[in-house]
Amino acid sequence: MTALLEAEAVTRRFGGLTAVNEVSFTVEQGAAVGLIGANGAGKTTLFNCLTGFDKPTSGDVRLRGKSLLKLPRHKVVGSGVARTFQIVKPFPDLPVLANVMVPLIVRRTKGDVKAEALKVLQRVGLAHRAASPSSQLSEGDLKRLEMARALATGPELLLLDEPFAGLSTNEIGVLSETINQLKADGVTLVIVEHKIGSLLALVDRVIAMDQGRVIADGEPEAVMRDPAVVRAYLGGDPEAQEEAGHE
Amino acid sequence: MDVLVQGAITSATIALVALGFSLVYGVGGIVNLAHGSFFMIGAYAAYAASEADMPLLVAAVIGVAAAMLAGVLLDRLVIAPIRHQEVAVLIATLAVAILVQSGVQFFFGGLERQLPGFVEGSVSIFGVDLRQTELLAGLMALVTIVVVLLVLTRSPAGRMVRAVAEDEEAAVLVGVRPERVTLYVLAIGAGLAGLAGVLVAPYGVLTPTMWLLPLTQAFAIVILGGLGSIQGTVLASVVIGFLDRFVAFNVKDGGIKIGLVTVAVILATLVLRPQGLLGKVAR
Amino acid sequence: MSERVLDVQDLKVSFGKAQVLDGVTFHVDKGETVAVVGPNGAGKTTLLRALSRLNAWSGSVEFDGRPLPKKAYDVVMAGLVHTPERRRLFPGLSIRDNLELGARRLRKEPNTRAEDLERVYTLFPKLKERAGQTAGTLSGGEQQQCAIGRSLMGRPRLLLLDEPSMGLAPKLIQQIFSIIREINTQGTTVLLVEQNAQQALSVADRAYILETGSIVKEGTGRELLGDPAIKEAYLGVA
Amino acid sequence: MTDTAAHAKPSAGSRAKRFLKPNVVLLALIPLFLLYLPRFVENTTLLQAISVATIFVMFAASWDILSGYTGQVSFGHAAFIGTGAYTVALFSKYEPGVSNELALLAGVLVAALLGVAIGVPCLRLKGPYLALATLSVAGALVQITFIYKEQLGGEDGIAGVKNVQDGAVTGPLGEGLSKLVLGPLTFGGKSPFDQYIYVSYFVALLAMVLVVGGLMLLGYGKRGLVLRSIQQDEAAAEAAGVPLTRYKLAAFVLSAACAGFAGGLYAQIRGTVALDLLSVDLSLLIIIIAAFGGAGSIIGPAIGAYAVILLQNYYLDRASDVFVEHPELKIGSFALLLIVVLIVAPRGLVPPLLQRLSGRGSPSRAAGAALTESA
């Protein structure tokens with residue numbers, strides 16, 4: 001069986017810096033994958049390469065075996081890959097409902113676009129704010145709006161870029177429920193997140209990155225115990241830790 | 001030969017205008033659509049002073065001073081309050097340009113004016129006959145540019161200017177006040193443009209719409225030379241300067257086609273090499 | 001009681017509706033190295049930016065016994081010097097120019113400049129070798145050295161370091177931290193924020209753990225290093 | 001605007017609908033009022049000024065669909081207006097046999113082509129680059145009129161453009177409406193010059209209703225929503241699947257075509273074309289109109305056009321002789337007023353424009369804003 005998403009030796013260089021280095025992995029249909037790593041590990045760059053917002057220097061990204069690299073961004077979206085942004089990017093002067101209508105309109109959705117948009121808002125629990133200008137939403141609601149707008153593109157694969165950043169513990173709980181609901185609906189998810197505790201409750205697989213490379217990939221428990229991951233997160237190398245411990 | 005000699009002079013005077021435009025853009029991130037107006041203010045102020053029977057040298061100084069004053073006023077009154085609103089700055093500075101244009105039209109009328117030459121007579125260089133005043137303009141411009149470049153690259157003040165241009169926030173963190181640096185740069189840039197206007201006034205013609213061509217050329221130079229690159233600005237000034245004279249001499253009705261060619265250069269650069277000749281690839 | 005250089009009470013920062021720092025209280029005494037450690041997104045960089053008046057905040061901050069000046073420029077001039085995240089050198093300027101710019105705070109005492117330059121070159125001999133090159137040509141570790149050197153040129157009363165280890169190889173990380181220790185030994189008070197808890201805690205006299213905008217723990221560097229809860233917190237399985 | 005400002009209420013569906021549909025009845029009253037206005041206004045000079053303002057409504061609305069909606073702020077809208085006008089004038093001069101309507105259509109096509117020619121290289125440009133590029137293209141067109149002075153007349157322009165009364169459609173239509181509104185006898189009793197003023201008034205009005213109505217249908221419909229999403233955040237729009245290039249270029253071409261149409265019609269009403277139709281002054285005047293009316297709403301700039309142009313072409317002349325002797329002071333005053341408003345009340349009078357055009361949310365801008373707060 002072909003995987004839904006395949007990244008093959010994806011490499012992205014900026015001048016002398018190799019932000020993403022020969023990263024390969026696959027995501028199966030219906031999976032929920034977490035992507036972790038310290039600042040500067042290359043997660044966001046990888047994320048951009050997967051969603052067509054950046055082009056890898058080399059390597060390939062395929063959706064159901066079809067390369068996404070030649071496609072313009074909107075076609076990547078059209079072929080079923082949707083993303084959210086770490087720093088939310090609503091259309092601030094448009095009401096919440098209109099935010100969600102935009103992707104439906106450009107998809108040439110038949111029938112009542114407004115009703116469809118309202119349905120999507122219901123899925124993320126934001127229907128009661130449909131008429132508010134999006135600039136008036138709380139941070140947590142904005143994250144859900146991002147998700148709703150991405151869902152409205154009709155994705156097979158949804159990539160979330162730090163959905164929990166800037167949220168309170170309460171808001172994280174609410175959003176986690178929404179994400180779990182999407183999972184239950186069969187949406188395939190890739191989630192970049194720093195709040196590892198909250199992330200682990202959602203995903204069934206974790207990919208850890210450090211300095212542009214994948215350093216671990218597998219069951220969440222196993223990955224978190226991996227010495228390379230421990231080192232990347234605590235910093236320094238194990239020997240140095242030993243030394244410091246004995247000081 | 002005509003093209004070479006006159007092109008060199010034109011390059012120098014255009015570079016005077018472009019340098020200020022480029023510095024203000026690089027340092028403050030401000031695209032000043034009123035920059036061409038400083039050129040015009042310099043020329044008209046000098047003209048007005050000479051009409052009031054002041055000696056030409058005094059008139060020239062008044063021209064430059066008027067342009068600098070206009071630069072300071074523009075920064076303090078117009079740009080400073082809206083500095084970080086890009087589109088508002090563009091609109092406001094264009095409005096200033098039109099305001100200055102209508103002011104000049106009001107006080108001087110729409111007729112073409114000219115300043116008497118600073119020096120009389122003509123010389124022959126490489127077999128090209130030149131009015132001495134043109135030669136003087138070229139030399140003055142060249143000397144000024146060299147001085148400005150030296151200050152910029154060798155002096156502590158220049159170091160601060162370059163620091164703000166490279167990273168405004170990091171500059172604050174070492175104790176530089178970007179607003180002040182921007183003000184000085186704008187005033188000096190205005191003075192340079194004003195000087196160019198004064199120098200050109202004896203052999204160019206003064207009209208209320210004379211600001212647009214230098215602005216367009218300065219923009220072409222900044223686009224061609226690459227954003228924020230001082231060397232690029234100088235190099236591109238030479239390209240645009242020679243192109244200016246080449247078109248003027250070798251193309252039928254060349255004098256009025258200069259702007260057209262400049263715009264073609266702008267559009268071609270934007271399509272073919274958006275980062276300019278020496279500009280870095282966008283980060 | 002030792003002299004208090006920095007006293008921060010109930011510092012709050014919010015970006016729009018997101019509360020990034022939620023009432024942070026801590027202090028730094030003269031001669032200390034204090035570390036603030038915490039995971040990504042905890043608000044460490046925001047904390048330093050607030051102290052430098054690069055972000056708006058509420059609460060009270062006293063620097064050298066007086067309220068913190070209102071403008072970023074005046075904060076620098078008062079002696080609180082910030083080495084920002086990702087170094088933020090002036091890449092097109094020479095290394096020497098970068099360092100000289102750091103001395104702007106002392107512009108009324110030109111004699112000290114040569115002396116300070118020598119001191120920085122002694123700490124970082126590589127910088128002397130390459131003084132004429134543009135800063136953009138330096139490697140990551142050298143850039144960090146140059147950034148720290150630039151701050152030292154201002155003879156800070158308090159040096160703020162934002163993630164000096166970021167993007168460096170393990171060997172260079174150790175090197176940078178031993179230099180931080182040396183700077184401190186020479187008499188500079190240091191406030192350091194780090195994700196690399198291991199190294200930061202081992203150089204710090206005292207440290208604070210920052211998580212999602214609040215300080216959750218404090219103690220001496222050694223105490224915290226030995227605290228098993230810390231490692232857990234970092235792996236998020238608390 | 002009012003909807004966004006209003007407080008959110010849970011009754012989602014109905015309010016969302018209102019957002020998309022301005023009050024149609026109220027809107028229809030405006031053209032109706034204008035239609036019957038000549039019955040009550042004897043002053044033909046004022047009517048003439050209103051006709052000109054009506055043309056400017058189209059200029060402003062066509063600018064708005066590009067700049068206000070997609071955020072590609074054009075500083076050289078006069079280029080499109082002038083192209084339409086000069087094309088019509090050239091037909092009158094060299095091919096007088098061609099009907100007015102066909103010449104107008106040609107003007108629209110040439111302007112639209114110019115829209116493509118400018119739009120394509122400008123697709124990737126933002127803010128200052130786009131501003132300077134559009135500004136300098138309009139400047140270059142002025143020079144073309146000097147280069148082809150014999151054909152285009154240089155600073156003298158082209159006189160003797162066939163006027164609306166000569167149009168196979170516009171003539172009868174304008175006369176018909178004149179007779180309808182004024183009564184056939186009254187209209188017949190006017191001097192030919194006055195008759196012409198009435199005819200052109202109604203033709204301009206009809207054209208304006210068509211153009212502005214069409215743009216509003218588009219702007220307040222689904223496609224308008226997509227255009228506005230581009231202006232709000234291009235990256236987010238792309239993530240929502242919006243084909244950016246297609247929409248941005250389409251807005252450029254549509255804007256150019258409408259401006260060309262209005263410019264061509266203006267030439268037929270004035271009977272002359274001249275450099276003022278290509279000038280920077282005109283481009284700025286349109287921005288001023290939009291700034292005062294509120295960009296991104298079509299109707300805002302449209303109403304702004306009536307206010308500004310009537311002031312410029314009618315009331316200022318009557319307020320002081322200075323403005324008659326020195327017409328340049330009019331645009332100068334507007335420019336000054338705009339500057340003052342931008343500085344004194346950037347959030348007061350012009351916020352719709354600035355909000356729409358400032359492309360918020362980029363990290364560097366946020367950093368800049370944070371910096372000004374503290375430094």
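Residues numbered from 1 in each chain as written. Chains lettered and ligands numbered in written order. Predicted model: local features only at pLDDT ≥ 70, side-chain atom pairs only at ≥ 80, totals over all residues. Heavy atoms only, no water.

**Observations regarding the overall build of chain C**
Rule in force here: Helix and strand labels come from DSSP, where a helix needs a run of H or I of at least four residues and a strand needs a run of E of at least two; each type is numbered from the N terminus. Both definitions apply: the radius of gyration is a C-alpha atom measure, and the globule rule equals 2.2 Å times residues to the power 0.38. In what follows, residue pairs with any heavy atoms lying within 4.5 Å of each other are defined as contacts.
Broken down by element type, chain C carries 10 helices and 10 strands. In terms of overall dimensions, chain C is globule-like: its C-alpha atoms have a radius of gyration of 17 Å, near the 18 Å expected for 238 residues. C-alpha extents for chain C along the principal axes are approximately 50 × 40 × 40 Å. Considering only residue pairs separated by 6 or more positions, chain C has 67% of its internal contacts joining residues 24 or more positions apart.

**Digging into the side chain of Thr46(C)**
We count it as follows: Exposed residues in this analysis have more than 50% of their type's maximum accessible area, buried residues have under 20%, and partly exposed residues fall in between, with area computed by a 1.4 Å probe over protein chains only.
Locating Thr46(C) in the fold gives a position in helix α1 (residues 44–51). Judged by relative accessible area, which is 11%, Thr46(C) ranks as buried.

**A few points about the sheet that holds strand β10 (residues 214–220) of chain C**
Residue and element names in this part refer to chain C. For clarity, the threshold we go by: The criterion for strand pairing is that DSSP finds at least two bridges linking the strands in question. What counts as an axis is a line fitted to C-alpha atoms, over the stretch in contact for a helix, and the angles between N-to-C directions run from 0 to 180 degrees.
Spatially, six strands are ordered β6-β7-β8-β3-β9-β10 in an open sheet, and the strand pairing comes out mixed. Of all the strands in the sheet, the pair left with one neighbour each is β6 (80–83) and β10. Each strand axis lies, on average, 20 degrees off the axis of its neighbour in the sheet, ignoring direction. Bridge count between strand β3 (residues 33–37) and strand β9 (residues 206–211): four bridges; the pairing is parallel. Paired with Ala 35 across the strands is Ala 207, a residue of β9. Packing of helix α7 (residues 170–185) onto the sheet brings it into contact with β3, β7 (158–162) and β8 (190–194), and relative to β8 it is tilted by some 160 degrees.

**A few points about the arrangement of the chains**
Taking contact number as the criterion, the leading pair out of five pairs of chains in contact is chains B and D. Between chain A and chain B there is no contact, and the shortest C-alpha to C-alpha distance separating them is 8 Å.

**Quick notes on the pairing of β7(C)**
Both faces of the sheet carry side chains from a regular strand, because those side chains alternate between them. All names here are of chain C. Burial runs high along β7: five of the five residues are buried. Neither face of β7 is left uncovered, since the one carrying Leu 158, Leu 160 and Asp 162 and the one carrying Leu 159 and Leu 161 both have all their residues buried. As paired elements, β6 and β7 share four bridges and run parallel to each other. Across the sheet, Val 81 pairs through a bridge with Leu 159, a residue of β7.

**What to know about the domain arrangement of chain C**
Residue and element names in this part refer to chain C. This is how it is decided: An automatic or database domain assignment is the source of the domain bounds shown. By convention, the term buried area covers the 1.4 Å-probe accessible surface removed from two parts as they join, with the contributions of both added. Note on definitions: salt bridges are taken to be side-chain nitrogens of Lys or Arg within 4 Å of carboxyl oxygens of Asp or Glu. All residues other than Ala, Val, Leu, Ile, Met, Phe, Trp, Tyr, Cys, Pro, Asp, Glu, Lys and Arg, Gly among them, are scored as polar; the first ten of these are nonpolar and the last four charged.
Annotation of chain C at the domain level lists domain 1 (1–79 + 159–238) and domain 2 (86–155). Distance between the C-alpha centres of domain 1 and domain 2: 23 Å. At the interface, 19 residues of domain 1 touch 15 residues of domain 2. Of all residues in domain 1, the largest losses of buried area upon contact with domain 2 belong to Met 77, Met 166 and Ile 179, amounting jointly to 29% of the total for that side. On inspection of domain 1 and its partner domain 2, the count reaches zero salt bridges. At the level of elements, α2 (72–78), β7 and α7 are the ones that each hand at least two residues to the side of domain 1 that touches domain 2. Broken down by element, the residue count for the side of domain 1 that touches domain 2 peaks at six residues, all from α7. Partitioning the side of domain 1 that touches domain 2 into residue classes produces 13 nonpolar, four polar and two charged.

**So, the interface of chain B and chain D**
Filter applied, for reference: Under this definition, polar contacts are N or O atom pairs within 3.5 Å; protein pairs additionally need one hydrogen-donor-capable and one acceptor-capable atom, and for neighbouring residues in sequence, both atoms have to be side-chain atoms.
With 48 residues of chain B at the contact, the number on the chain D side is 47 residues. Each partner contributes to the roughly 4200 Å² buried at the junction of chain B and chain D, and carbon and sulfur atoms together form 79% of this total. Of all residues in chain B, His84(B), Ile91(B) and Phe106(B) bury the most surface against chain D, accounting for 14% of the area lost on that side. At the junction of chain B and chain D, the tally comes to zero salt bridges. Where chain B packs against chain D, one counts four residue pairs in polar contact (both at pLDDT 80 or more). Elements that contribute at least two residues to the side of chain B that touches chain D include exactly α1 (2–28), α3 (56–79), α4 (86–108), α7 (168–173), α9 (212–225) and α11 (254–272) of chain B. Per-element tally for the side of chain B that touches chain D: the top contributor is α4(B), with 15 residues. Residue composition of the side of chain B that touches chain D, grouped by class: 35 nonpolar, seven polar and six charged.

**Observations concerning the packing of helix α6 (residues 156–166) of chain B against helix α3 (residues 95–102) of chain C**
Our working definition: Any angle from 65 to 115 degrees is called roughly perpendicular, while one under 35 is roughly parallel, one over 145 is roughly antiparallel, and all others are oblique.
One way to put it is that α6(B) packs onto α3(C) with a least axis distance of 11 Å and a crossing angle of 95 degrees. What the angle tells us is that α6(B) and α3(C) run roughly perpendicular. Touching Arg159(B), Met160(B), Arg162(B) and Ala163(B) of α6(B) are Asp97(C), Glu100(C) and Leu101(C), all from α3(C).

**A short note on α11(B)**
The condition that has to hold: Any helix carries an expected span of 1.5 Å times its number of residues minus one.
Taking 1.5 Å per residue, 19 residues should reach 27 Å; α11(B) reaches 25 Å between its end C-alpha atoms and fits that length. Taken residue by residue, α11(B) has Gly254(B), Lys257(B), Ile258(B), Gly259(B), Thr262(B), Val263(B), Val265(B), Ile266(B), Leu267(B), Thr269(B) and Leu270(B) as its buried positions. Elements that come into contact with the buried residues of α11(B) comprise α9 and α10 (230–250) of chain B together with α6 (100–122) and α7 (127–147) of chain D.

**Quick notes on the sheet that holds strand β1 (residues 5–14) of chain A**
Residue and element names in this part refer to chain A. Pairing is antiparallel in the open sheet, where four strands are placed in the order β2-β1-β4-β5. Both edges of this open sheet fall to β2 (17–27) and β5 (66–67), since each of them pairs with a single strand only. The pairing of strand β4 (residues 58–63) with β5 spans two bridges and is antiparallel. Each residue of the ladder has a partner; that of Leu 63, found in β5, is Lys 66. This element, helix α1 (residues 43–50), spans β1, β2 and β4 of the sheet and lies at about 120 degrees to β1.

**Points about the pattern of salt bridges**
All names here are of chain A. For the structure on display, the rule yields 38 salt bridges over all chains. With a shortest N-O distance of 3.4 Å, Glu 146 and Arg 149 are connected by a salt bridge. Of the two residues, Glu 146 and Arg 149 both sit in helix α5 (residues 139–151), three residues apart, roughly one turn of that helix. According to the relative accessible area criterion, Glu 146 is buried, its value standing at 4%. Its relative accessible area of 5% is what places Arg 149 among the buried residues.

**Brief notes about helix α4 (residues 111–123) of chain C**
Restricting attention to buried positions, one finds in α4(C) the residues Thr112(C), Asp116(C), Leu117(C), Val120(C), Tyr121(C) and Leu123(C). Where α4(C) is buried, its residues meet α3, α5 (125–129), α6 (140–152) and α7 of chain C.

**Things to note about unusual backbone geometry**
Residue and element names in this part refer to chain C. In this model, Asp 10 sits at a positive phi of 50 degrees, which is unusual for a non-glycine residue. Tracing the backbone shows Asp 10 in strand β1 (residues 4–15). You can call Asp 10 partly exposed: its relative accessible area is 40%. For Arg 88, which is not glycine, the phi torsion reads 55 degrees and is therefore positive. By the element assignment, Arg 88 lies in the loop between β6 and α3. Look at Arg 88 and you get partly exposed, because its relative accessible area is 27%.

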